[in-house]
Amino acid sequence: MKYAHFEPSVEKFAEKRGLPKTKVTKLKKAVDQWLDSVRIDPWYPAGLVAAESMGEPATQATLRTFHFAGAAEVSVTSGVDRMLEIADALRKIKTPSMRIYLKEPYSKDEDKAREFALSIQETYLKDVAKISEDYFSREIRIDLDEGAIEDRGLDKDTIVSKVAAKVKKKVEPEGNTIVLTFGEDMPLMKLRKLRMSLEKLHLSGIRGIRFAVVGKDGDEYVVSTSGTNLKAILKHKAVDHTRTISNDIHEVAEVLGIEAARYVIIEELKKAYGDMEVDLRHFSLLADLLTYDGYYEAVGRTGVAGKKGSVFARAAFEETGKHLTEAAIWGEVEHLKGVVENLIVGLPVKVGTGRVKLVMKLGE
Amino acid sequence: MAAKRSIMDHVLVPKARILSDDEVSALLEKYHVQKENLPKILEGDPVVKELGAKKGDVIEFERNSPIAGKTLYYRVVV
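Residues numbered from 1 in each chain as written. Chains lettered and ligands numbered in written order. Predicted model: local features only at pLDDT ≥ 70, side-chain atom pairs only at ≥ 80, totals over all residues. Heavy atoms only, no water.

## With respect to the overall build of chain B
Inference 1: Helices and strands together make up the secondary structure of chain B, namely two helices and four strands.
Inference 2: Secondary structure elements of chain B, listed N to C terminal, follow the sequence β-α-β-α-β-β.
Inference 3: Along the first, second and third principal axes, the C-alpha atoms of chain B reach 50 × 30 × 20 Å.
Inference 4: Each of the 78 residues in chain B was classed as buried or not, and the buried ones make up 38%.
Inference 5: Taking the contacts inside chain B whose residues are at least 6 apart along the sequence as the reference set, 49% of them involve residues at least 24 apart.
Inference 6: Total accessible area computed for chain B in this model is approximately 4,700 Å², and 53% of it derives from carbon and sulfur atoms.
Inference 7: Positive and negative side-chain charges in chain B, numbering 13 and 12 respectively, have mean positions lying 6 Å apart. (Helix = DSSP H or I, 4+ residues; strand = E, 2+ residues; numbered from the N terminus. Buried < 20%, exposed > 50% of the residue type's maximum accessible area, 1.4 Å probe, protein only. Contact = heavy atoms within 4.5 Å. Areas by Shrake-Rupley, 256 points an atom, 1.4 Å probe, with all protein chains shown as cover. Lys, Arg positive; Asp, Glu negative; His and termini not counted. Charge placed at Lys NZ, Arg CZ, Asp CG, Glu CD.)

Now the structure itself:
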């Protein structure tokens, strides 16, 4: 067969149907022919078609608004907002999220999965206590919230010892209140700074993970998070490090490499488009383009469009004056090979039939 | 208990290997390109580090495409 990687599935099909040898060869030929017919033609403007195929549904999606109901859900940006985030390669996305697959027994036991979710949620002192300062008596008062402590699966003694380690002195709690008293010579500025750093005292969990909930995927429990820290999570002993994934493409590129980031771009585009059907090939073309230089870059003037070889193509996009003057200074040559350049000067675009020249053979 | 965790085990990381010099020249011949025209991959990329590839090496990725089955993709380390 010409398309060798289709051979196994064709043979499997033939075996299932019990086709005789001659028919199998015929079938293979037919499949080859069909595959030939669906191949794109020479000079087919694949990029233009991809752009239009993705752009048109996006204009429709603008009109839709998405709502999230229910408290125990991790919300994820979708629709046009998310498409923009992906195409512009934003470093700070609105809703970074991870989907954590667990190893057994965590993946089969709901309680264990819950326990895990709780343990990775980052908790700072300000989440479980009210901290106030008193300049007159030079005191810092920490009022612990028992309910919050219990919710987060912590206990009071560890918090007290962590506070003690932070302020480097003995701490004696009275009930739920810790009072730290400092001497007269304590500068007020230092007091305020100490209060602020106490608020950010890390108590438990993995940094970056603000919220984690347990959900179900097939017959196993998975944890969805708001906030990401893929590197730390992949090292966690309860986590299945082969499937856990983040939706922060920059983070994936950093932790798993550019090829993995390419997959995530495609997956995230698929999610952003939702039920609007766009062919996967358009997504993969865009993903290949965004990762071409070895890192994840935006489509805009700093990325793909700004690195085009043609002056006119760059000038037609953004910063027209800058590109034209720079090209004049450096003596850049315009080869008129792309689409935009030829549109500007009014020549046939070198795509499809604009690319081939026909010569008539006379006398035959 | 378990062996050292490697990012190469991750489902999203495609199988990768460094091409030998002969394979590289055959590849460039086949596609009529120069090495610098190939898609790039950074030297600091986790996969490059895992393979121990150096600048100028060409890495072959075996992608699992839902459309075309197994496809080969090449990136040159920069």
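## A short note on the side chain of A:Thr291
Inference 1: Following the sequence through the fold, A:Thr291 ends up in the loop between α13 (280-290) and α14 (311-317).
Inference 2: Residue class for A:Thr291 comes out buried when judged on its relative accessible area of 0%.
Inference 3: A distance of 2.9 Å separates a polar atom in the side chain of A:Thr291 from the backbone oxygen of A:Ala287.
Inference 4: Those residues in contact with A:Thr291, other than ones at most four positions away along the chain, are A:Ile258, A:Arg262, A:Ile265, B:Lys40 and B:Arg75. (Polar contact = N/O pair within 3.5 Å; in protein donor to acceptor, adjacent residues only side chain to side chain.)

## Points about unusual backbone geometry
Inference 1: A positive phi is found at A:Ala89, a non-glycine position, where the angle reads about 50°.
Inference 2: Mapped onto the secondary structure, A:Ala89 falls in the loop between α4 (79-87) and β1 (97-101).
Inference 3: Unlike most non-glycine residues, B:His32 shows phi in positive territory, near 55°.
Inference 4: Relative to the helices and strands, B:His32 is located in the loop between α1 (21-31) and β2 (40-41).
Inference 5: B:His32 gets classed as exposed once you look at its relative accessible area, which sits at 70%.

## Describing the sheet that holds strand β5 (residues 177-181) of chain A
Residue and element names in this part refer to chain A.
Inference 1: Spatially, the three strands line up as an open sheet ordered β3-β4-β5, and their pairing is antiparallel. Of all strands in the sheet, those bounded by a partner on one side alone are β3 (129-134) and β5. Put simply, the sheet's adjacent strands are angled 15° from each other on average, direction ignored.
Inference 2: Sheet topology places β3 next to strand β4 (residues 139-144); six bridges connect them, and they run antiparallel. Looking across to β4, one finds that Ala-129 is bridged to Leu-144.
Inference 3: Along the sheet face, helix α9 (residues 188-199) touches β3, β4 and β5 and points at about 175° away from the line of β3. (Pairing = 2+ DSSP bridges. Axes fitted to C-alpha atoms, helices over the stretch in contact; angles between N-to-C directions.)

## What about the sheet that holds strand β3 (residues 58-65) of chain B?
Residues and elements named next belong to chain B.
Inference 1: The strand order across the open sheet built from four strands is β1-β3-β4-β2, with neighbouring strands paired in mixed fashion. Two strands close off the open sheet at either side, each with one partner strand: β1 (15-18) and β2.
Inference 2: Direction of pairing for β2 relative to strand β4 (residues 69-77): parallel, over a ladder of two bridges. Paired with Lys-40 across the strands is Val-76, a residue of β4.

## Side note on the packing of aromatic side chains
All names here are of chain A.
Inference 1: Applying the stated criterion to the full structure yields one aromatic pair over all chains.
Inference 2: Taken together, a centroid distance of 5.3 Å and an interplanar angle of 40° make the contact between Tyr-273 and Phe-283 tilted. Highlighted residues: Tyr-273 in helix α12 (residues 258-273) and Phe-283 in helix α13, separated in sequence by ten residues.
Inference 3: Given the relative accessible area of 5%, Tyr-273 is considered buried.
Inference 4: In this arrangement the basic side chain of Arg-262 is found over the ring face of Tyr-263, its NZ or CZ atom lying 5.5 Å from the centre.
Inference 5: Against the face of Trp-43 rests Arg-355, its NZ or CZ located 3.9 Å from the ring centre. (Phe/Tyr/Trp six-rings, centres within 6.5 Å; stacked < 30°, edge-to-face > 60°. Lys NZ or Arg CZ within 6 Å of the ring centre and 35° of its normal.)

## Re the interface of chain A and chain B
Inference 1: With 32 residues of chain A at the contact, the number on the chain B side is 26 residues.
Inference 2: Across the interface of chain A and chain B, roughly 2,400 Å² is buried in total on both sides, 56% from carbon and sulfur atoms.
Inference 3: Considering only the side of chain A, the residues that lose the most area to chain B are A:Glu259, A:Tyr263 and A:Tyr292, jointly responsible for 27% of the buried surface there.
Inference 4: Summed over the shared surface of chain A and chain B, the number is three salt bridges.
Inference 5: Among the ionic pairs, B:Arg63 bridges to A:Asp288, the shortest N-O distance being 3.1 Å.
Inference 6: Our count for the contact surface shared by chain A and chain B stands at eleven residue pairs in polar contact (both at pLDDT 80 or more).
Inference 7: Contributing elements (two or more residues each) for the side of chain A that touches chain B: α10 (230-235), α11 (249-255), α12 and α13 of chain A. (Buried area = accessible area lost by both parts, 1.4 Å probe. Salt bridge = Lys/Arg side-chain N within 4 Å of Asp/Glu carboxyl O.)

## Considerations on the nonpolar core
All names here are of chain A.
Inference 1: Among the nonpolar cores identified, the biggest contains 62 residues, and Ile-100, Phe-116, Ile-120, Ile-233, Leu-256 and Tyr-273 are the most heavily contacted of them.
Inference 2: The leading source of residues in this core is α12, at ten residues.
Inference 3: For Ile-100, the contacting residues outside a window of four places in its chain are Phe-116, Ile-120, Val-222, Val-223, Thr-225, Ile-233, Val-239 and Thr-244.
Inference 4: With 25 residues, the next largest nonpolar core counts Val-128, Val-171, Leu-180 and Met-186 among its residues. (Core = buried A, V, L, I, M, F, W, Y, C linked by side-chain atoms within 4.5 Å.)

## Looking at the domain arrangement of chain A
Inference 1: Taken domain by domain, chain A comprises domain 1 (4-38), domain 2 (41-95 + 247-307), domain 3 (123-204) and domain 4 (309-354).
Inference 2: Using C-alpha coordinates to define each centre, domain 2 of chain A is positioned 44 Å away from domain 3 of chain A. (Domains from an automatic or database assignment.)

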